[in-house]
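Results of the structural survey
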Amino acid sequence: MLQLGASLFLVLALCHSAYGKLVPDFIHPCNATTRECLVRSTQDAIPDFVRGMPDLGVPSLDPFVIEKLAIPLTGLKVTFYQGKVSGFRKCIVDNVISELEKRHFVLEFHCNLTIRGQYTAVGRILLFPINGEGDAKVKLTNLRMKVDLNTKYYKDDNGLDHFGIKDYKYSFDYGDRVSFDLKNLFKESKELSSTVLEFLNQNWRTVAEEFGKPIVDYAVELAIRTIEKFFIAVPYHELINVPIPKY
Ligand SMILES: *[C@@H]1O[C@H](CO)[C@@H](O)[C@H](O)[C@H]1NC(C)=O
Ligand SMILES: *[C@@H]1O[C@H](CO)[C@@H](O)[C@H](O)[C@H]1NC(C)=O
């Protein structure tokens, strides 16, 4: 009887540890907030994390979809739609800082990204009246980004602690190169279309700085909201083996 009780207890304990854990296996919790461990464990997690975790309510970031995005520019109205951004799974993590007491978290990485979709552009570029629409492809080489988060802690309904996100800011650099492939910039003229496209590519940094911010803002906001969903699904103690600061 005693033995049956003991094995039943063992079975229950094993079930509990198997089912009680929410965090996916690709998260390797650090035992200390050292740069080395944080960078490695973040790098290890990215390829699977960005595929999404439907059972945890966490959507895919690679690819992620931009259904429709208006880019307001003076004299030119650009709309980007049916877009797909891919490449996040191969991002390289350059630095991670986690200051648990200060509720501060920094992530630096660089990536090659491809954005594909459809666009319409009506207005003027330089002196040319423009009235274009068609396929759009933009490739970014070694886009560098630094995201700086203020975190918070809270308890869920079961009394478990979680990370939360209070606010964030970010900075980025378009990196080594942005290349544009925009079909039909001028519906009336193939030659003018390719001349202007060539011009845009020669001046890629200026063009990216003019057009890019709304798309990058959108991507960062989406990534932050995705991480937030993950924090809602998975409690603090499954993400890091360091006691939570008093709060
Ligand atoms: C943390 O410590 C545990 C137990 O010693 C070990 O199995 C695990 O690999 C460590 N985690 C990391 C990311 O080093
Ligand atoms: C991006 O592509 C360039 C050129 O193909 C390559 O040298 C670089 O290592 C890539 N960067 C990343 C983060 O994969």
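Residues numbered from 1 in each chain as written. Chains lettered and ligands numbered in written order. Predicted model: local features only at pLDDT ≥ 70, side-chain atom pairs only at ≥ 80, totals over all residues. Heavy atoms only, no water.

In the annotation of an unreviewed UniProt entry, the protein is listed under the name (diamondback moth) hypothetical protein and assigned to Plutella xylostella. Under the UniProt heading Sequence similarities (unreviewed entry), the note attached to the protein is "Belongs to the TO family." (UniProt positions renumbered as here; feature names shortened; annotations may be inferred.)

**Observations concerning the overall build of the protein**
From N to C terminus, the protein includes five helices and seven strands. The secondary structure elements of the protein, listed N-terminal to C-terminal, are α-α-β-β-β-β-β-β-β-α-α-α. Its C-alpha radius of gyration of 23 Å places the protein more than 25% over the 18 Å reference for a compact globule of 247 residues. The dimensions of the protein, computed from C-alpha atoms along their principal axes, are 90 × 35 × 30 Å. For the protein, with 247 residues in total, the buried portion stands at 42%. Looking at the protein alone, contacts between residues at least 24 apart form 68% of all its contacts between residues at least 6 apart. When the accessible surface of the protein is totalled, it reaches about 14,400 Å², and 58% of it is carbon and sulfur. For the protein, the distance from the average position of its 30 positive side-chain charges to the average position of its 30 negative side-chain charges is 2 Å. (Helix = DSSP H or I, 4+ residues; strand = E, 2+ residues; numbered from the N terminus. Rg over C-alpha atoms; globule rule 2.2 N^0.38 Å. Buried < 20%, exposed > 50% of the residue type's maximum accessible area, 1.4 Å probe, protein only. Contact = heavy atoms within 4.5 Å. Areas by Shrake-Rupley, 256 points an atom, 1.4 Å probe, with all protein chains shown as cover. Lys, Arg positive; Asp, Glu negative; His and termini not counted. Charge placed at Lys NZ, Arg CZ, Asp CG, Glu CD.)

**Here's the deal with the state of the cysteines**
Throughout this description, disulfide means a covalent bond between two cysteine sulfur atoms. Summed over all chains, the structure comprises two disulfides. In the protein, the bonded cysteines, numbered by position in the sequence, are linked as 1-2, 3-4. (Disulfide = S-S within 2.5 Å.)

**Let's talk about the site of ligand 2**
Neighbouring residues of ligand 2: Ile 92, His 110, Asn 112, Thr 141 and Asn 142. One of the side-chain nitrogen or oxygen atoms of Asn 112 is found 2.4 Å away from an oxygen atom of ligand 2. Here Asn 142 contributes a side-chain N or O atom positioned 2.9 Å from a nitrogen atom of ligand 2. When isolated, ligand 2 has an accessible area of 370 Å², and the protein chains bury 48% of it. (Near = heavy atom within 4 Å. Polar contact = N/O pair within 3.5 Å; in protein donor to acceptor, adjacent residues only side chain to side chain.)

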